Amino acid sequence: MAEITAAMVKELREQTGAGMTDCKKALGEANGNMEEAVEILRKNGQAKAVKKESRIAAEGICSIVCKGDQAAAVVEVNSETDFVAKNETFQLFVKAVAKQAVESAATDMEAFLEEQWAEDTSKTVKEALVDKIAVIGEKLSIRRFQRVEAAEGCVVSYVHGGGRIGVIVEAKTNIVNDAVKEALTNLAMQVAALNPKYIATTEVSEEYKTHEREIITAQIAQDPKMAGKPENVIQGVVEGRLKKELKEVCLLEQVYVKAEDGKQTVAQYIAQVAKENNADLSISRFVRYETGEGLEKKQEDFAAEVAAQMR
């Protein structure tokens, strides 16, 4: 009987994505033969993930789980197709991942995947993922997660489009009541709809401003109406456009989407809510996840795929 070393188990695990226990067992059955162990895992469905690695998982959903008013976690789990994203088995798994995340102390994905899976502590999160891939038959990926905890105040969440967008807003407040939480939920909806990058202009880095000034200056150089204008005039236009842009990317500067007059800013809305509830209210941070954001999506040709399967 060949000796099964930790290095062998690690190598097989990296090749197949299967769990450590399954890899060790497969190597034992294969008497240490790596290729035979891979085949054993494939036959058992544990190595199904490795067959899917070349595929693009850019669909899926975001899910949020709150722990009272004090903590919440948002996760994005991807699938290959929108069909699977709408599958109840997949959706329940994503919700379980979010429940795991809200209790997790992990600060990065590697540590998160190595945690004991809360629903079955004999497995890690990664092993639970591999099992789910075997059941569903598509490449799945826990892409990202973030836990938000309110030190002085509360958190609220909003999920849009059945999980297409997930938002958490954290507020610092001495009053936590239904009116304040409703107002914060309205702001979470604002974040989902208008996708701000910052809370306020004071958060915007000089690097970002410099970069945007360069872009605006290049745009002005292409505008015939600005040809021959004095430098001070051009700089004034640059700063004016930058200021307008910052109002669009900074939450507090945006026009509040539910404003009756169409003019009230988010900052003014927060001040109004604070006054009405005798609260010291401010936004500490927000997190916005959009499914597939930044991922290249595969262009599906369903007819060609069916034809290939028939061949």
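Above: the structure in question.
Model, not experiment: these values are computed from the prediction.

Tallied over the entire structure, the rule returns four aromatic pairs. With centroids separated by 5.6 Å and ring planes inclined at 70 degrees, the aromatic side chains of Y198 and Y208 adopt a geometry described as edge-to-face. In this pair, Y198 is assigned in the loop between α9 (178–194) and α10 (206–221) and Y208 in helix α10, connecting sequence segments ten residues apart. A single burial state applies to Y198 and to Y208, both of which are buried. The aromatic ring of Y289 is capped on one face by R144, whose charged end is 4.0 Å from the ring centroid.

What follows covers the state of the cysteines. By the definition in use, this model includes zero disulfides. Lacking any disulfide linkage, C154 is separated from the closest cysteine sulfur, that of C66, by 10 Å.

This part covers the packing of α10 against helix α11 (residues 231–249). Taken N-terminus to C-terminus, the directions of α10 and α11 make an angle of 125 degrees; their axes are 9 Å apart at the nearest point. Taken together, α10 and α11 sit at an angle that is classed as oblique. At the point where α10 passes α11, the crossing takes the right-handed sense. Listed contacts from α11 to Y208, K209, E212, R213, I216, T217, Q219 and I220 of α10 are I234, V237, V238, E239, R241, L242, E245, L246 and V249.

All right, on to the packing of helix α1 (residues 6–16) against helix α3 (residues 34–43) then. Two elements in contact, α1 and α3, have axes whose closest approach is 11 Å; the angle formed by their N-to-C orientations is 50 degrees. When the interaxial angle is binned, α1 and α3 end up oblique. Between α1 and α3 the crossing geometry is right-handed. Together, M8, E11, L12, Q15 and T16 of α1 and M34, A37, V38 and L41 of α3 make up the contact between the two elements. Of the residues that constitute the contact of α1 with α3, the class distribution is six nonpolar, two polar and one charged.

Further remarks concern the environment of T89. By the secondary structure assignment, T89 is in helix α6 (residues 88–103). Judged by relative accessible area, which is 35%, T89 ranks as partly exposed. Distance in space between the C-alpha atoms of T89 and K132 is 8.8 Å, their sequence separation being 43 residues.

A few words on the pattern of salt bridges. For the structure shown, the criterion picks out 16 salt bridges. Between E114 and R13 there is a salt bridge; the shortest N-O distance is 3.4 Å. Of this pair, E114 sits in helix α7 (residues 109–114) while R13 sits in helix α1; the two residues are 101 residues apart in sequence, bridging distant segments of the chain. A residue is classified by how much of its surface remains accessible, and E114, at 40% relative accessible area, is partly exposed. Residue K123 is joined to D131 by a salt bridge in which the shortest nitrogen-to-oxygen separation is 2.5 Å. Linked through salt bridges whose partners overlap, the residues forming this network are E76, R143, R144, R164, R288, E290 and E293.

Rules and cut-offs
Residues numbered from 1 in each chain as written. Predicted model: local features only at pLDDT ≥ 70, side-chain atom pairs only at ≥ 80, totals over all residues. Heavy atoms only, no water. Phe/Tyr/Trp six-rings, centres within 6.5 Å; stacked < 30°, edge-to-face > 60°. Helix = DSSP H or I, 4+ residues; strand = E, 2+ residues; numbered from the N terminus. Buried < 20%, exposed > 50% of the residue type's maximum accessible area, 1.4 Å probe, protein only. Lys NZ or Arg CZ within 6 Å of the ring centre and 35° of its normal. Disulfide = S-S within 2.5 Å. Axes fitted to C-alpha atoms, helices over the stretch in contact; angles between N-to-C directions. Parallel < 35°, antiparallel > 145°, perpendicular 65-115°, else oblique. Left-handed = near helix turned anticlockwise from the far one by under 90°. Contact = heavy atoms within 4.5 Å. Nonpolar A, V, L, I, M, F, W, Y, C, P; charged D, E, K, R; others polar. Salt bridge = Lys/Arg side-chain N within 4 Å of Asp/Glu carboxyl O.

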